[in-house]
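So you can see what is in the structure, the chains are spelled out below.
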Amino acid sequence: MDAAIRFEGVTKTFVVAHDRPRSFQEAFVRVFRRPDAADRDVLTALDAVSFDVEHGTAVGIVGPNGTGKSTALKLVARILEPSAGRVAVSGRVAALLELGAGFHPDLTGRENIYLNGSLLGLGRREMSRRFDRIVAFSELERFIDVPVKHYSSGMYMRLGFATAIHLDAEILLIDEILAVGDQAFQHKCRERITALRRAGVTILLVSHDTEAVRELCDRAIWLEDGVIRADGPTDRVLQRYYRSMVAREEARLDADEAAAASAATATSAAATSTSTSVSSSGAESTSDGAGGTAGDGAENRNADGAPRTRRTERSDRFGSGEVDITAVDILGPDGQPHPIVLTGQPMSIRLRYTAHAPVDHPVFGIAVHRDDGVHVTGPNTRDADLALERIDGDGELTLHIAHLPLLEGNYEVSAACYDASLSHAYDHHDRRFPLRVRAGDVRERFGLLALGATWTWRGEAAPSNPARPGSDEDAGP
Amino acid sequence: MTTHTNVAAHERRLTERLGELWAYRHLVGNLVIRDLKVRYKNSTLGFLWSLASPLLMMLVFYLIFGVMQRASVNRAFHLFVLTGLLPWNWFNMAVAGGINCIVGNASLINKVYFPREILPISVVLGELVNFLFAVPVLIVMLYLWHIPLTIHALWLPVIIAIQAVFTLGVVFLLACANVYYRDTAKIMEVVLLAWFFATPIFYDYDSAFTQVLHVGPWSIEAGRLAYILNPMGTLVANYRTVLYGSPLGPPSAPDALFLLRTAATAFVILVIGYWAFTRRAGRFGEEV
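Model, not experiment: these values are computed from the prediction.

Secondary structure summary: chain A contains nine helices and 18 strands in total. Looking at chain A as a whole, 37% of its 477 residues are labelled buried. Summarising the internal contacts of chain A: among those between residues at least 6 apart in sequence, 70% fall at separations of at least 24.

Structure representation (structure tokens):
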């Protein structure tokens, strides 16, 4: 079968318009100026990209921002024209790029439905046949003869979605799964898209939400910097894409950390800082013998003579100060500090401490909260039967986690040192250390934890259906 | 219609473009209706304004020229003016509106594909509809001032068609230019004002320019030269010939040969405008 969408060596370049003449005056001035290399800044959004999308398949395009995903979609929709190459499309295209594009605020919902239909190439009679279904789907019966400028934004988008989805398009272009209206309506939209997919509509979806791609698409294309980095079954492509994303985020966080560290050094030197930030890996390096930390430089100076009371000045760190927890590091499988850890992978959390005087039977513990405040866990050395008789001077404790059960999300780690009764805090850092968990290879995504559990099944197996997957259900629109 | 290939503009065939335009004919109608509806949506008189405005305009001229009656030898001078002014208004409104039809519809251009030619076409046709509302009013007024409708009025559709072709060509050129140089709209405000006075609305070329110009071995009447340089002048003069007549005589047939030449000029302008416009149209999506 012929492809529904075929990209043949498609290149799309944009001239970045920072120095394009927009008026005769500028054009006139430029005549007398030497042409400047900076004037001709060309951005290549797509670079000789070729791929086919077969009829009746759903393909997701993933990739970081600004790497040509939406450009590809707009080329299929013919909003843009390729600089070179061909985009061949066979079938009527409906583009859910922006809902209600082309609605005129002064016209009623009814008038806009017809107008929108003709924008997409449908005549009055063809729209009349669909009209009742569109209105019913949008649930706007009462407002259909009201000018759309009086609609709420949700109503506006509902009407836009309802119109776009009822055009009997053979190819559906979706830029992000749309957040239309309330929860119930969103479900309806998703159901509708799924139903269209089952009915054999070709779908090209562009999304940052890789879960949406996983749900809807059997094939994914990873586009980055104008070229196809991977193309194939959704799971495989997404896994590779995910790894690259984590590496990228780590690189960014490392850079941030380096910047923050140099900023902290600068402010400590200036001795005026009130900075309270803790660098992202949680490392608070001991800066001098007084037990202060780089991040707490200001407090340290303020309270030089009274180290035991200083901690009450901050809400996220308190304690009597016989023991200082000087650093908390999130370590990856390689034992090195990492800004990001992956679900299911080994990891550990390392505490470094300094005891300024001998302390008997201390208990060290950590707590993990999700960033919305849910207390996830709180292991400590006492419950784990790690007896610490008496500590003095520097030391470190490491909590080893064989398979991190936390699902993707941002968490906060607290670290504390208490006395044996857990009633007196020597030092307590309350949720001061970020723990970023990304999905990695684990596909579970509902709730908080991946239990690492397995399933078994007993029952009668039905004979397998020879038809296309999904066509066993009623595929009628 | 459902199968298409997106390639750079210069690789597309003309027949393909025109076929697509035909497929989207409903959109032209809907855009024209949209603009008319929106224009009168919040006014009490609504569509009656299409009839009321030429009437009111005529009333103004009647009062002004009635008072200054001695200044003119023409009979019913207010109708002499109105016959020229209504077609000019169509041209003027279409050009002024058409310049911005791409830039002003950026939200559409960025989100939906349709042949971009449709926007200029619907502006010109929308203003044509307004003009057509006014024509019966004009004819009734002429009748009341003892200038009856004659068989020569049958030329009217021909003249209107030529004006539509010419206007469309001009609008294609300017709408496209305005995407790249936004000053176009500002400059055209002045140009249209000058053009208005260069067009025989309050006077006619034949009585205004009587001298004969000599350029080397050639000589030409200044009035004739004005017609050649300004197609709108020819068109306005022809409306007047078939509806109002000469300042002293009854309506008559237009000079068919001259009208044909104007038609040829208009067609050439349209072809150039269409070519320039469609050549650039594919990139409007990234320019507006």
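When you go through chain B residue by residue, the secondary structure sums to 13 helices and three strands. Against the 2.2 N^0.38 benchmark of 19 Å for 288 residues, chain B shows a C-alpha radius of gyration of 21 Å, consistent with a compact globule. For chain B, the spread of C-alpha atoms along the principal axes amounts to about 65 × 60 × 35 Å. Looking at the 288 residues of chain B, the share that counts as buried comes to 39%. Sequence separation of at least 24 residues holds for 79% of the intrachain contacts in chain B that already meet a minimum separation of 6.

Residues and elements named next belong to chain A. In the sheet, strand S8 (residues 219-224) pairs with strand S9 (residues 227-233) via six bridges, with the strands oriented antiparallel. Counted as the bridge partner of Ala220 is Gly232 from S9. Counting the residues between successive antiparallel strands, the hairpin from S8 to S9 contains two residues, one of them, Asp225, with a positive phi of roughly 50°.

Below, the discussion takes up the pairing of strand S3 (residues 218-221) of chain B. As defined by bridge partners, strand S2 (residues 212-215) of chain B adjoins S3(B) across four bridges and the pair is classed as antiparallel. Across the sheet, residue B:Leu213 finds its bridge partner in S3(B), namely B:Ile220.

Two elements in contact, helix H3 (residues 109-119) of chain A and helix H2 (residues 25-40) of chain B, have axes separated by 8 Å at closest approach and are oriented at 145°. Between H3(A) and H2(B) lies a crossing of left-handed hand. For the pair H3(A) and H2(B), contact is made by A:Tyr114, A:Leu115, A:Ser118 and A:Leu119 and by B:His26, B:Leu27, B:Asn30 and B:Arg34, respectively. Taken together, the residues of the contact of H3(A) with H2(B) sort by class into four nonpolar, three polar and one charged.

Let us now look at the interface of chain A and chain B. Facing 36 residues of chain A, the contacting portion of chain B comprises 32 residues. Taken together, the elements giving at least two residues each to the side of chain A that touches chain B come down to helix H1 (24-31), helix H2 (69-76), strand S4 (84-90) and H3 of chain A. Among the elements that take part in the side of chain A that touches chain B, S4(A) stands out by supplying six residues, more than any other. Along the lines of polarity and charge, the residues of the side of chain A that touches chain B split into 18 nonpolar, nine polar and nine charged. In this structure, S4(A) lies alongside strand S1 (residues 3-6) of chain B, joined through four bridges in antiparallel fashion. The residue bridging A:Val89 from the neighbouring strand is B:His4, located in S1(B).

What holds strands together in a sheet is hydrogen bonding between their backbones, with the strands either parallel or antiparallel. Residues and elements named next belong to chain A. Strand order across the open sheet formed by three strands is S11-S13-S16, with antiparallel pairing between neighbours. Where the open sheet ends on each side, the last strands, each with one partner, are strand S11 (323-331) and strand S16 (390-401). The sheet shows a mean angle of 15° between the axes of neighbouring strands, taken without regard to direction. Two elements, strand S13 (residues 347-360) and S16, share eleven bridges in a ladder whose sense is antiparallel. Counterpart to Asp360 in the pairing with S16 is Arg390.

Moving on, we get to the nonpolar core. In this structure, A:Val76, A:Leu172, A:Leu173, A:Leu204 and B:Val171 are the most contacted members of the largest nonpolar core, which totals 145 residues. Here the element with the most residues in this core is helix H7 (residues 156-180) of chain B; it accounts for 14 residues. Leaving out residues up to four positions away in the same chain, B:Val171 has contacts with B:Ala94, B:Val95, B:Gly98, B:Pro120, B:Val123 and B:Val124.

Residues and elements named next belong to chain B. In a regular helix each residue adds 1.5 Å, so 26 residues correspond to 38 Å; helix H12 (residues 256-281) covers 36 Å between its end C-alpha atoms and thus fits that length. Three or more residues of H12 are buried, namely Leu259, Thr262, Ala266, Leu270, Gly273, Tyr274, Phe277, Thr278 and Ala281. If you follow the buried residues of H12, they end up packed against helix H1 (14-23), H7, helix H11 (231-243) and helix H13 (284-287).

Residue and element names in this part refer to chain A. In this structure, Asp47 sits in strand S2 (residues 42-54). Assessed through the 16 C-beta atoms surrounding it within 10 Å, Asp47 is described here as partly exposed. A C-alpha to C-alpha distance of 9.9 Å links Asp47 and Ser83, two positions 36 residues apart in sequence. Residues within four places of Asp47 in sequence aside, it is in contact with Thr11, Gly226 and Val227.

Thresholds, definitions, all that
Residues numbered from 1 in each chain as written. Chains lettered and ligands numbered in written order. Predicted model: local features only at pLDDT ≥ 70, side-chain atom pairs only at ≥ 80, totals over all residues. Helix = DSSP H or I, 4+ residues; strand = E, 2+ residues; numbered from the N terminus. Buried ≥ 20, exposed ≤ 12 C-beta atoms within 10 Å, placed from the backbone. Contact = placed C-beta atoms within 7 Å. Rg over C-alpha atoms; globule rule 2.2 N^0.38 Å. Pairing = 2+ DSSP bridges. Axes fitted to C-alpha atoms, helices over the stretch in contact; angles between N-to-C directions. Left-handed = near helix turned anticlockwise from the far one by under 90°. Nonpolar A, V, L, I, M, F, W, Y, C, P; charged D, E, K, R; others polar. Core = buried A, V, L, I, M, F, W, Y, C linked by C-beta atoms within 7 Å. Expected span 1.5 Å × (residues − 1).

In short, geometric facts, not functional conclusions.
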